[in-house]
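Here is how the chains run, residue by residue.
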Amino acid sequence: PSLDVRAAQPGLNIVTYHSTPDRLIYRDWEKFTAYAEYEGLDGAVAEHRVRGLPETDFSETYIRCAKALIQAGPVTAQDRDRATGMPLELVALENPYAGAPSEALGVQLLWRGEPLGGVQIAIFQDSGGGQVRRTRLRTDENGTATIPLAGGGRFLLNAVKLLPADPSSGDEWQSHWASLTFAIMAGSE
């Protein structure tokens, strides 16, 4: 979804989008295994087999938990990100817009309000010039990770939690996708 609004007041604006479930059907096994590898869903392929699930024509419902941080006007001490109550959520531990561009940003991944450790965070960084760089790291036991910001630009952080679906849903899997976006432009303070 896209959004085009003017900030009503200065400060750190937190924009969230929590979607309703949508369904994806896997017609072939390779798509699922590639997805599990790309998103760092360790153990998903083995669990799929242990559960005796089909390798073709199976489904996953997914729910998006997206957040954007947008600073309007000068930064004050009150301008901080916070948990908004989405099931899977990335929270910036500092304001990425505060002061001179930092070399790193602490984030915490929450699942139902509790820290979620051992989960991959993919970092997409667009520093301009038409190239987007993707790096990956994992949250520690406290659900925290340090995101490198060298070079500035536009950032999209992404994390996925994959769970067995409720049997009554008719789906084999359910996933939640957390994202956090912000921009740090060179020379901005």
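Residues numbered from 1 in each chain as written. Predicted model: local features only at pLDDT ≥ 70, side-chain atom pairs only at ≥ 80, totals over all residues. Heavy atoms only, no water.

Notes on the nonpolar core
Core analysis: the largest hydrophobic core is formed by 27 residues, its most contacted members being L90, V107, L109, I121, L157, L180 and F182. Elements with a minimum of two residues in this core: β3 (58–72), β4 (88–92), β5 (104–111), β7 (120–126), β9 (144–148), β10 (153–164) and β11 (173–184). Dropping the residues within four chain positions of it, F182 is found in contact with L69, P96, Y97, L105, L149, G153, R154, F155 and L157. (Core = buried A, V, L, I, M, F, W, Y, C linked by side-chain atoms within 4.5 Å. Buried < 20%, exposed > 50% of the residue type's maximum accessible area, 1.4 Å probe, protein only. Helix = DSSP H or I, 4+ residues; strand = E, 2+ residues; numbered from the N terminus. Contact = heavy atoms within 4.5 Å.)

A short note on the pairing of β5
Buried residues dominate β5, accounting for seven of its eight residues. Bridge count for β4 against β5 is five bridges, and the pairing is antiparallel. Paired with E89 across the bridge in β5 is L110. Alignment of β5 against β9, held across five bridges, turns out to be antiparallel. What sits directly across from L105, in β9, is I147. Across two bridges, the pairing between β5 and strand β6 (residues 114–115) is antiparallel. (Pairing = 2+ DSSP bridges.)

Looking at the environment of G117
Residue placement: G117 occurs in the loop between β6 and β7. In the structure, G117 is positioned 21 residues away from R138 in sequence and 7.7 Å away in space, judged by C-alpha atoms. With sequence-adjacent residues up to four places away left out, G117 is seen in contact with T139, D140, E141 and G143.

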